[in-house]
Amino acid sequence: MNYKIDLLMDEDYNLMINKHLAHKLGIPYLKHTNIRFGFNVSEATVIIDEQVKENEVLISKKLLKKLSLPLDCSYHLKVENNEIEIGPFIGVCMGHKRTSLIKKMKELGSYSANYSKINGVIFAFVTDDINKEGLKVKGFMYNPEIEIWNDVTLPLPASIFKRNPLTKGWREYLGAIYGSKVFNYKAIDKWEMISRLQQFAESSKIIPETIRYDNMPELISFLKVKKNVYIKPSDGKKGLGIFNVQIKCNNIIIKTRKDGLNYEWKFDDYSKTADFLDSHLSPKKYIIQKTVDIKVGTKVMDFRIGMDKDQNGEWKNVIFVTRVSDNDSIVSNRAAGGGEIMSPDKVLKDIYGMNKVEVNEYKSRLVKIAKVMSEKLDLTGLDIGKLAFDLSIDNEKNIWLIEVNNKYPDDSLAKEIGNMDAYYNVRLLNMLYSKRKAGFYATEAENTFTIRSSKQEKSSSIIASIYVSVPGLNENKEKKENYLRMCSSFDGESCAVKKAIYNNELKKVEIVVQGSKTSVDKYIHFLKSHSGQSKRVVISVSERVFSS
């Protein structure tokens, strides 16, 4: 049911509701409570009044101000231990530096794309903007009324979806105040991931024999026994820095891929091999794996299976693609190995030569393995809500685990095979799981509250700094110039465009306008209507009152 929140102009901290809603919330006798929004809390008097409409809630303006509750969002209400919480209030932590938040603005649109299924406040921030003493943070809040991101200061959010690496100090700080309400708390490197999974029979049998690189004699001994090994950075990503080393016809062949090219070295003794590898490797920073024969013709390939938790905390699969390398590359990742993204059906049928029954069987097995391993990893540490598995099939049709990634896997891969919705569906799952972490489950979603008196004073003159993320603008000079001309062409009254440039460092359009609040709002609508691709264009606005 949809409810309206109206403002009371009294001087007290009151919340007034109808008897019917009080029973529905389970508070028919509640007289005094705390009301929470993120890390803000205010004491309040609860008044049950039959004159209040059944679909209405009255809250003192003074109370909303103390909570710092944004007026442009829709909310759910929940009651726990006779306290009322307004939310969800979801924080998306984008790292440490403010510049990184602006650089990654294009991601923000994916978090808000399905706002009506999330509600509450979606808030992107960085740790540099956290006020530890005041439990407040500056960042960009999604405004669903006009579909932009406002630069605001709010209390710390109720839960955090960590999207970028943080130092141990910051992780421990957030862990101290949030506990289990931080989602994807810590990135897990390859060696730690393997160590966790090797505890379980279901996963240990599909992990290639692996050791950590501690010293060169141990590496050479492993190579002599296994004849063909892969050496991978334990903390690496995108297939970079990987070596394949094999003994062939009394020679040691070392291969790697860099800058889109294949490189190969040949040595006739182990001493020279050791000297070469020693110049490229650091102890405890690499793993060494026995090579699994997953090459088909001249290409290697793996199946990327994304697993993401939903609002019920259950693992779901949305992303399922095959990464196929360039000819003779040792890695399937496009960043290092070139190649292409293909559908699993096509690869299993055309490359592995499976019939329809086998295709469906292997697809089911691959997803089931990923789900089982996700559930096992849940037992090994702090909360993980997002994983990506790279699984391969060898020439005997055995399935092997190549890698597990919880360090911000690429959710956009499915776009390459025409599945344009997968990216946004994954981000919706991530936000719904964050909603669960904030304490809001499916039952609370039955009731949505919007603030009726949300119009703010429009008479003040302001200066607005605007950043716009437009896909493809950086690569197209003509498109960039045309867009900047459009930004400067607004002829609305009382609004002057002071600057419209392309910031090459941030890769964003940077605009400064000055005028009344109403005219600036009209300018933002002008930008939106002339930018196209509404889901992918992200606009952030920072405002300050102008005094002449």
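This report concerns the structure included in the present document. (Residues numbered from 1 in each chain as written. Predicted model: local features only at pLDDT ≥ 70, side-chain atom pairs only at ≥ 80, totals over all residues. Heavy atoms only, no water.)

1. Looking at the overall build of the chain
Then, number 1: Regarding its fold elements, the chain presents 15 helices and 30 strands.
Then, number 2: The buried share of the chain, taken over its 548 residues, is 53%.
Then, number 3: Expressed as a percentage of contacts within the chain between residues at least 6 apart in sequence, the contacts between residues at least 24 apart total 67%.
Then, number 4: With an accessible surface of roughly 24900 Å², the chain has 47% of that area assigned to carbon and sulfur atoms.
Then, number 5: Across the chain, the centroid of the 85 positively charged side chains sits 2 Å from that of the 69 negatively charged ones. (Helix = DSSP H or I, 4+ residues; strand = E, 2+ residues; numbered from the N terminus. Buried < 20%, exposed > 50% of the residue type's maximum accessible area, 1.4 Å probe, protein only. Contact = heavy atoms within 4.5 Å. Areas by Shrake-Rupley, 256 points an atom, 1.4 Å probe, with all protein chains shown as cover. Lys, Arg positive; Asp, Glu negative; His and termini not counted. Charge placed at Lys NZ, Arg CZ, Asp CG, Glu CD.)

2. Let's talk about the pattern of salt bridges
Then, number 1: If you walk through the whole model with that rule in mind, you get 35 salt bridges.
Then, number 2: Between Arg196 and Glu192 there is a salt bridge; the shortest N-O distance is 2.7 Å. With Arg196 and Glu192 both in helix α6 (residues 190-197), this residue pair falls four residues apart, about one helical turn.
Then, number 3: The class of Arg196 is buried, set by a relative accessible area of 13%.
Then, number 4: Its relative accessible area of 24% is what places Glu192 among the partly exposed residues.
Then, number 5: Salt-bridge contacts for Lys499 lead to Glu510; the nearest nitrogen and oxygen are separated by 3.2 Å. Note that Lys499 is positioned in strand β28 (residues 495-503) and Glu510 in strand β29 (residues 508-516), a separation of eleven residues in sequence.
Then, number 6: Here the residues in one salt-bridge network are Arg98, Asp129, Lys138 and Asp151, joined through shared partners. (Salt bridge = Lys/Arg side-chain N within 4 Å of Asp/Glu carboxyl O.)

3. Comments concerning the sheet that holds strand β11 (residues 148-155)
Then, number 1: Here ten strands make up an open sheet; going across it, the order is β13-β12-β8-β9-β10-β11-β30-β27-β29-β28 and the pairing mixed. Each end of this open sheet is capped by a strand with a single partner; those strands are β13 (182-183) and β28.
Then, number 2: Examined bridge by bridge, β11 and strand β30 (residues 538-545) share two bridges and lie parallel to one another. Note on β30: the bridge partner recorded for Trp149 is Ser540.
Then, number 3: Lying on the sheet, helix α4 (residues 105-112) is in contact with β8 (89-93), β9 (121-131), β10 (136-143), β11, β12 (159-162), β27 (461-469), β29 and β30; it crosses β30 at an angle near 105°.
Then, number 4: Running at roughly 165° to β28, helix α14 (residues 477-488) makes contact with β27, β28 and β29 of the sheet. (Pairing = 2+ DSSP bridges. Axes fitted to C-alpha atoms, helices over the stretch in contact; angles between N-to-C directions.)

4. Here's the deal with the nonpolar core
Then, number 1: Ranked by internal contacts, the top residues of the largest apolar core, which has 73 residues, are Leu108 and Val121.
Then, number 2: Considering each element in turn, this core owes the most residues, seven residues, to β9.
Then, number 3: Contact partners of Leu108, with chain neighbours within four places excluded, come to Met94, Ala124, Phe140, Trp149 and Val538.
Then, number 4: Counting residues in hydrophobic clusters, the runner-up holds 34 residues, among them Phe303, Trp315, Val324 and Ile393. (Core = buried A, V, L, I, M, F, W, Y, C linked by side-chain atoms within 4.5 Å.)

5. As for unusual backbone geometry
Then, number 1: Here the amide bond leading from Gly87 into Pro88 is cis, since omega sits at 0°, within 30 degrees of zero.
Then, number 2: For Cys249, which is not glycine, the phi dihedral falls at a positive 50°.
Then, number 3: With respect to the helices, strands and loops of the structure, Cys249 is situated in the loop between β16 (243-248) and β17 (251-258).
Then, number 4: Judged by relative accessible area, which is 71%, Cys249 ranks as exposed.
Then, number 5: Residues other than glycine seldom take positive phi values, yet Lys397 does so here, at roughly 65°.
Then, number 6: For Lys397, the location among the structural elements is in the loop between β24 (386-393) and β25 (399-405).
Then, number 7: Residue class for Lys397 comes out partly exposed when judged on its relative accessible area of 28%.

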